[in-house]
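Observations on chain architecture
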Amino acid sequence: MSPIARAQDTIRIWSRQVCRDLLAGFSLLAITPLPAFSQAPAPPSALPLATPAPSPTEDVLAYADLLYSKDQFALAAQQYQVFIREQPNNPSLEIAWFRLGECYLKVDQIEDAVTTFGYLINQFKKGPFVGSAAYRLAVLRFNAKDYRNAITYFKVSKDELADPVAKNQALFYYARCLQLTGQAREALSHFEQVMAAKPGGAENPFTERCLLETARLHFELGDSAKSLERFQALAGNASTPEFKEEAIVRGGLMAAEAGKPELSEQLLAEALKFPDTSPWKALAKVGAIFNAFSLGDHDRVIGLYNTGAYSGDEAAQDESRAKMLLIVGHSFRIKGDNESALRLYSLVEGKYSTKPEGIEAGYRRLQIMHQQGDPGLPAAAKAFAERQSQTDPQSSFIDMAWLMAGEWHFAQAENSASGAGSDFAKKHYGDAAAAYRRVRLDKVDKKFHEARLYKQGWSEIEAGETGEGILTLSRFIQQHSQSALSSSALAKRAMAYQSQEDHEFALGDYLDIAKRYPDSPELEFALQQTALIYAHQRKIPEMIQAYENLLAKFPGTQGAGEAHYWIGVGNFDLERYEESLVELGKAREMDPSLEDKTTLRIVIAHYHLEDIPQLAVEARRYLENAPAPEAEKPKEGETDVPAPPKATLIPPQIFEYLGRKLAETSDWKDAEFFLTSITDPADPEKTEPSVWRLIGDCRAKLKKHAEAIAAYDHFLVQTERPSERASAYLDRGVAQLCLRDFEAARNSAQESLRSQKEGRTNAEARLLLGDISAANGNLEEAAKEYLVVSQIFMDPEITPKALTKAINAYRTLGNQEKATELTQELGAGYPDYRAPASLDHEC
């Protein structure tokens, strides 16, 4: 439809007189949208009265009519409302309701107008006022493109209006609504009625428009001959330029299609005389395109097309388009412009997929797309094959289309940037497999059979259809045993078996590759997988041998580090620790990604060999490289959070063993490092008490007194044995003394005394009490504590030590007599005792 014809779809009839049979002098006024009043203006204070004076009722209605005639629509509406309210049974009530609706339209109160006209229709049912009101509502619906509801009101209007002109106008738009809602046959029938009408003996204003619409409808309904007849009539007699131009052009094209070249040339020649501004002139050139192609003048075909012989949807919908576009596409292809040809073929196939032109265009398009590797090929091939299957299911074009689709999907999956296992690749492998399966081998050349079957099996496996893929590759291996793809097919099938935990069948395929295809690219992979399968089956000697074969055959293999690792693991499992250390060391050196796994085994091997120095070196290396668990890392901004423990797979007993061995050699620093690595300060009870005890001792030796106290505390929480508690309290008290926390140190010493009532630990706790008093400046109390120990506990180390401390205290206090007495006692009892340079604790 031309832009001019479309513009006429809005009913522009508000100003027409459609109810001439109403009361004398009364006509339907134009419903032109006006600004809505926010408030009706006040009525005038005095109105001229008619003579003779009318009744009060007639006065109100007359006054309303007067206001209406003066375009005072808001005031008139108020008066009509008064009349309706006060005279509900007046014979003029219907007039008042209609005029009230008209007033609302005049002031653009559309909702009120709709309500008023609707009430009038529902209340009075019949008559010209009902017809006029229905017409008003129909126009509102039509212009809002609400054609289905407009139909209802136009029907009431055409049935109730009495004036022939108005009735015919309503009938025309009733037909248009039927046409616009897809009711072509019903619309055609009513357009015929409109054309047959002679309203009031006058000329029918809708004749030309009805000829145009019926011509379109006849074509839509498949009656080309009748459509051409109507277009011819309109072409010869139309007075409306846009109608005449459309009729001439469409008639010319239809004549060409109908095999009437003379008529076509006549009409198209007339069309070519249209001004350039005509929307139909471009389509008129289509006829010339057909003639040029029949003469083999492809340059002229292309030239006419490029000058606007066809410009997308601007041309009328005509079946001649299919042939025209197809021959233009052929001309582009013949001239070597594949891109333009492809565009035209796509258009023809899309618009006319079930017609011969569409099928031919589709096939030609696939040929070009296949040559160019177009990414739109799969969808085009699928659509073409499915359509062709409905028209010619035995066509080999169907199978070639599926084969091309499969090739495209396979290439996409193989070249996927996200990898073969990605969702993207899996989808394309699945689509490739589905396309390959649809290819009937008897319909395609034998040169395609081998690759098609191989790629189908590969695609099925990669898409997750493992069972189907194994069966397909088995058929390939059986049918194409001498193919260059055989070793690859065996490797792929073996991998599929592995994914199903069918390791024996997988091993058979890998061994088959090594035996039958020793020079194939898959050999290295086959040897590696053979070793891995032996490892999975716990066949350690066979695994070691397989990896050694791999290294011998491929010394520069990228998997050399992994091979050495598994050889080392095998020797480790066979308790050949010396051999294991050699291979694991090579693996770690060659492949840094194996750092954690190799060092773990190396640490355990040194443990079994009881090589403490090397065990310490490797254990530290392992711990320093082991990352902290992600969830336990400090949050951003937190600076006082203690470092989390390292993630380690080394058994804790190895670190405990190493720590104790190092402590035995007074290597307190390393001993404390390894022992601490198996603790969790956040949950200290998970650590053995003996470990906390030893950690406390190491920290005390390292003068890390606060940390030592924490370790002793963890030990005391988990320990019940009195003797062990007494000893821990004693050592904790010493650490607290070194921190000069005298009160805490005294409490620890007293707890030690309570836990151990006698013995060496008891004596040392009493000495600690004396040391605390001395450090706190209370020498008299300290001297008493030392003296008590020297009198109640006889020990070659403790007793002389206590006497010496007491002597020093008394001397400091100035009690030389007591100091001399105790000195004599010390010399008599322990003549060989030599006091150390300092009797104080090493803090």
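The model shown is predicted, which means the values in this text are computed figures rather than measured ones.

How each quantity is defined
Residues numbered from 1 in each chain as written. Predicted model: local features only at pLDDT ≥ 70, side-chain atom pairs only at ≥ 80, totals over all residues. Heavy atoms only, no water. Helix = DSSP H or I, 4+ residues; strand = E, 2+ residues; numbered from the N terminus. Contact = heavy atoms within 4.5 Å. Areas by Shrake-Rupley, 256 points an atom, 1.4 Å probe, with all protein chains shown as cover. Phe/Tyr/Trp six-rings, centres within 6.5 Å; stacked < 30°, edge-to-face > 60°. Buried < 20%, exposed > 50% of the residue type's maximum accessible area, 1.4 Å probe, protein only. Disulfide = S-S within 2.5 Å. Salt bridge = Lys/Arg side-chain N within 4 Å of Asp/Glu carboxyl O. Expected span 1.5 Å × (residues − 1). Axes fitted to C-alpha atoms, helices over the stretch in contact; angles between N-to-C directions. Parallel < 35°, antiparallel > 145°, perpendicular 65-115°, else oblique. Left-handed = near helix turned anticlockwise from the far one by under 90°. Nonpolar A, V, L, I, M, F, W, Y, C, P; charged D, E, K, R; others polar. Polar contact = N/O pair within 3.5 Å; in protein donor to acceptor, adjacent residues only side chain to side chain. 1 Å grid on protein atoms, 1.4 Å probe; cavity = no way out; pocket = protein on both sides within 12 Å on 5 of 7 lines; lining within 4 Å. Points joined across faces, edges and corners; volume = space filled by probe spheres on them. Core = buried A, V, L, I, M, F, W, Y, C linked by side-chain atoms within 4.5 Å. pLDDT = per-residue confidence, 0-100.

**Points about the overall build of the protein**
If you tally the helices and strands in the protein, you get 41 helices and zero strands. Across the protein, every contact between residues at least 6 apart in sequence was considered, and the portion connecting residues at least 24 apart equals 53%. Summed over its atoms, the accessible surface of the protein is roughly 41,500 Å², and 51% of this surface lies on carbon and sulfur atoms.

**Digging into the packing of aromatic side chains**
How two aromatic rings sit relative to each other is given by the distance of their centres and the angle of their planes. Using the criterion set out here, one finds 25 aromatic pairs in the structure. Geometrically, the ring pair formed by F655 and F674 is stacked, given 6.2 Å between the ring centres and 20 degrees between the ring planes. Of this pair, F655 sits in helix α32 (residues 652–664) while F674 sits in helix α33 (residues 668–676); the two residues are 19 residues apart in sequence, bridging distant segments of the chain. What makes F655 buried here is its relative accessible area of 1%. Taken together through their ring pairs, the aromatic side chains of Y135, F142, Y147, F154, F172, Y173, F191 and F206 make up a single cluster.

**Observations concerning the side chain of N762**
Following the sequence through the fold, N762 ends up in helix α38 (residues 760–775). Since its relative accessible area comes to 5%, N762 is described here as buried.

**Thoughts on the state of the cysteines**
Applying the stated criterion to the full structure yields one disulfide. C738 shares a disulfide with C843; S-S distance 1.9 Å. Measuring the twist about the S-S bond at about -70 degrees, one finds the C738-C843 disulfide to be left-handed. In this pair, C738 is assigned in helix α36 (residues 722–738) and C843 in the segment after α41 (816–829), connecting sequence segments 105 residues apart. The class for C738 is buried, based on a relative accessible area of 16%. We classify C843 as partly exposed; its relative accessible area is 43%.

**A word on unusual backbone geometry**
Positioned with a positive phi, D71 is a non-glycine residue whose angle comes to about 65 degrees. By the secondary structure assignment, D71 is in the loop between α2 (56–69) and α3 (73–86). The phi dihedral of K125 is positive, around 70 degrees, even though this residue is not glycine. Within the secondary structure, K125 sits in the loop between α5 (110–124) and α6 (128–143). What makes K125 exposed here is its relative accessible area of 54%.

**Notes on the pattern of salt bridges**
By the definition in use, this model includes 45 salt bridges. Across the salt bridge formed by R99 and D65, the nearest N and O atoms sit 3.3 Å from each other. On the criterion of sequence distance, the pair formed by R99 in helix α4 (residues 93–106) and D65 in helix α2 is long-range, its members being 34 residues apart. For R99, a relative accessible area of 10% translates into the label buried.

**Regarding helix α31 (residues 612–625)**
Helix length check: α31 (14 residues) gives 20 Å between terminal C-alpha atoms against 20 Å at 1.5 Å per residue, within 8%. Listed in full, the buried residues belonging to α31 are I612, L615, A616, E618, A619, Y622 and L623. Of the surrounding secondary structure, the elements contacted by the buried residues of α31 are α29 (577–590), α30 (595–609), α32 and α33.

**Some details on the environment of D59**
Within the secondary structure, D59 sits in helix α2. For the pair D59 and F83, spaced 24 residues apart in the sequence, the C-alpha separation amounts to 9.5 Å.

**Structural notes on the packing of helix α10 (residues 207–220) against helix α11 (residues 224–237)**
Remark: α10 packs on α11, axes separated minimally by 7 Å, with the N-to-C direction vectors making an angle of 155 degrees. Accordingly, the angle class assigned to the pair α10 and α11 is roughly antiparallel. Both α10 and α11 take part in a crossing whose hand is left-handed. Where α10 abuts α11, its residues E208, L211, L212, T214, A215, R216, H218 and F219 lie against S224, K226, S227, R230, F231, L234 and N237. Partitioning the contact of α10 with α11 into residue classes produces six nonpolar, five polar and four charged.

**Quick notes on the side chain of T679**
With respect to the helices and strands, T679 occurs in the loop between α33 and α34 (689–701). Of note is the side chain of T679, whose polar atom sits 2.7 Å from the backbone oxygen of T676.

**Observations concerning the environment of F191**
Examined against the element boundaries, F191 turns out to sit in helix α9 (residues 184–196). Each C-alpha atom, one on F191 and one on Y174, is 9.0 Å from the other, the two residues being 17 residues apart in sequence. For F191, the contacting residues outside a window of four places in its chain are F172, A175, R176, Q179, C210, E213, T214 and L217.

**Concerning the layout of surface pockets**
Approximately 850 Å³ is the volume found for the largest pocket. The set of elements that each furnish at least two residues to the lining of the largest pocket consists of α34, α35 (705–718), α36, α38 and α40 (798–813).

**Examining the packing of helix α17 (residues 338–351) against helix α18 (residues 356–372)**
For any two helices packed against each other, one specifies the crossing angle of their axes together with the interaxial distance. Following both chains from N to C, one finds α17 and α18 inclined at 140 degrees, their axes separated by 8 Å at the closest point. The two elements α17 and α18 meet at a crossing, and its hand is left-handed. The residues of α18 that touch α17, namely those facing N338, E339, A341, L342, Y345, S346, V348 and E349, are E357, G358, A361, G362, R364, R365, I368, M369, Q371 and Q372. Across the contact of α17 with α18, the residue classes break down as seven nonpolar, six polar and five charged.

**Considerations on the nonpolar core**
Core analysis: the largest hydrophobic core is formed by 130 residues, its most contacted members being F154, V249, I289, Y305, M324, V328 and L366. In terms of residues, this core owes the most to one element, helix α8 (residues 164–180), which gives nine residues. Residues contacting L366, with those up to four places away along its chain left out, are L377, A380, A381, F384, A401 and M404. In this structure, L594, Y622, L623 and F715 belong to the second largest nonpolar core, which totals 39 residues.

**Considering the confidence of the model for the protein**
Segments scoring low in pLDDT should not have their predicted coordinates read at a detailed level. Here the protein averages 85 in pLDDT, while 88% of its residues score no lower than 70. Below a pLDDT of 50 lies the segment residues 1–54, which in the model reaches 107 contacts outside its immediate sequence neighbourhood of four places, other chains included. Below a pLDDT of 50 lies the segment residues 637–641, which in the model reaches one contact outside its immediate sequence neighbourhood of four places, other chains included.

**Some remarks on helix α22 (residues 449–462)**
Each α-helix winds once per 3.6 residues, and so residues spaced three or four apart point in a common direction. Counted at 1.5 Å a residue, the expected span for α22 with its 14 residues is 20 Å, and the 20 Å between its end C-alpha atoms agrees. For α22, every residue scored as buried is listed here: H449, R452, L453, Y454, K455, Q456, G457, W458, S459, E460, I461 and E462. Residues of α22 that are buried make contact with α20 (396–414), α21 (423–437), α23 (466–479) and α24 (486–499). Positive phi appears at G464, one or two residues downstream of α22, with a value of about 95 degrees.

**Some details on the environment of G252**
Within the secondary structure, G252 sits in helix α12 (residues 241–257). Taking relative accessible area as the criterion, G252 reaches 0% and is therefore assigned buried. Not counting residues up to four positions away in its chain, the partners in contact with G252 are S264, L267 and L268.

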